[in-house]
Amino acid sequence: MGRDEVLARIDVARLAAGERGRVVAVVGEPGIGKTRLVEAAAAAARSAGGRAIVTRAYAVERQIAYAPLVDALTTALDDPATAAAIRQLDPSTLATLAP
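Throughout this document, residue positions are counted from 1 along each chain, in the order its sequence is written. At least 70 in pLDDT is required for a residue's local features to be given in this predicted model, at least 80 for side-chain atom pairs to be given and counted, and no such filter applies to totals for whole chains, interfaces and linings, which use all residues. As a rule here, side-chain values cover all heavy atoms of the structure and leave hydrogens and water aside.

Quick look at the overall build of the protein chain
Scanning the protein chain for helices and strands turns up five helices and zero strands. Only DSSP runs of H or I covering at least 4 residues are called helices, and only runs of E covering at least 2 are called strands; the numbering of each starts at the N terminus. Starting at the N terminus and ending at the C terminus, the protein chain contains elements arranged as α-α-α-α-α. The rule is simple: take the accessible area with a 1.4 Å probe, protein chains only, and divide by the maximum for that residue type; under 20% is buried, over 50% is exposed, in between is partly exposed. By the burial criterion, 11% of the 99 residues in the protein chain qualify as buried. Summarising the internal contacts of the protein chain: among those between residues at least 6 apart in sequence, 30% fall at separations of at least 24. Taking the 12 positively charged and 11 negatively charged side chains of the protein chain as two groups, their mean positions are separated by 2 Å. Only heavy atoms enter the contact rule, under which two residues are in contact if any of them lie within 4.5 Å. Working convention for charge: Lys and Arg count positive, Asp and Glu count negative, and His plus the chain ends are omitted. Note that the charge is assigned to NZ on lysines, CZ on arginines, CG on aspartates and CD on glutamates.

Considerations on the confidence of the model for the protein chain
Low-pLDDT stretches of the model should not have their predicted coordinates read in fine detail. Per-chain confidence: the protein chain averages 84 in pLDDT, with 96% of residues scoring 70 or above. Per-element averaging of pLDDT across the protein chain places helix H5 (residues 91-95) at the bottom with 76 and helix H2 (residues 34-47) at the top with 91. pLDDT is defined as a per-residue confidence score from the predictor, taking values between 0 and 100.

With respect to the environment of valine 6
Looking at the secondary structure, you find valine 6 in helix H1 (residues 3-17). Looking at valine 6, the relative accessible area reads 21%, which means it is partly exposed. Separated by 35 residues in sequence, valine 6 and alanine 41 place their C-alpha atoms 9.2 Å apart. Once you skip the residues sitting within four places of it in the chain, valine 6 turns out to touch Met1 and Leu37.

Quick look at the packing of helix H3 (residues 67-78) against helix H4 (residues 80-87)
To obtain each axis, a line is fitted to C-alpha atoms, and for helices this fit is confined to the stretch in contact; angles are then taken between N-to-C directions over 0 to 180 degrees. Where H3 meets H4, the closest approach of the two axes is 5 Å, and the angle between their N-to-C directions is 105°. For the element pair H3 / H4, the angle class is roughly perpendicular. Across the interface between the two elements, Ala76, Leu77 and Asp78 of H3 pack against Pro80, Thr82, Ala83 and Ile86 of H4. Classification used: nonpolar for Ala, Val, Leu, Ile, Met, Phe, Trp, Tyr, Cys and Pro, charged for Asp, Glu, Lys and Arg, polar for all others including Gly. Split by residue class, the contact of H3 with H4 holds five nonpolar, one polar and one charged. If an angle is under 35 degrees, it is roughly parallel; if it is over 145, roughly antiparallel; if it lies from 65 to 115, roughly perpendicular; otherwise it is oblique.

Some details on a nonpolar patch on the surface
Here, patches come from residues exposed beyond 30% relative accessible area and free of salt bridges, joined within 9 Å for like charges and within 5 Å for nonpolar side chains (Val, Leu, Ile, Met, Phe, Trp, Tyr). The protein chains shown are the only cover counted for residues, whose accessible areas, like all others here, come from Shrake-Rupley with a 1.4 Å probe. When a carboxyl oxygen of Asp or Glu lies within 4 Å of a side-chain nitrogen of Lys or Arg, that pair is called a salt bridge. A surface patch of nonpolar side chains, amounting to about 530 Å² of accessible area, comprises Tyr66, Leu69, Val70, Leu73 and Leu77. By the secondary structure assignment, leucine 77 is in helix H3.

Focus: the pattern of salt bridges
Taken as a whole and assessed by the stated rule, the structure comprises three salt bridges. Glutamate 39 is paired through a salt bridge with arginine 56; the nearest N and O atoms lie 4.0 Å apart. Of this pair, glutamate 39 sits in helix H2 while arginine 56 sits in the loop between H2 and H3, placing them 17 residues apart in sequence. Take glutamate 39: its relative accessible area is 46%, and that puts it in the partly exposed class. Since its relative accessible area comes to 37%, arginine 56 is described here as partly exposed.

Brief notes about the side chain of threonine 82
By the secondary structure assignment, threonine 82 is in helix H4. Polar contact criterion, stated in full: a pair of N or O atoms within 3.5 Å, where within protein one must be able to donate a hydrogen and the other to accept it, and residues adjacent in sequence count only if both atoms are side-chain atoms. In this structure the side chain of threonine 82 is engaged in a polar contact, spanning 3.5 Å, whose partner is the side chain of arginine 51. Ignoring anything within four residues of it in the chain, the contact list for threonine 82 reads Arg51, Ile53 and Ala76.

What follows is the structure, given as structure tokens:
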């Protein structure tokens, strides 16, 4: 599957999610272009008025529980608009993230 096809699939998922948002995991061998793909998808979402929170997972971090999640939340909270949106979430909504 080519990069353009993958970007199109990510865009379809983003549009289908509407305001609810969507999590997209991109996995694969080192050096196949995952970072560039994610950067392009995030830029497309942002240019369409959406938000994109990007994180990475590294093999050496397997011993660190939830490292990618902590990185994503740190990144999100560093952006004032995203941090404000998170603060506006109902606590019961947040509770569904970690039942």
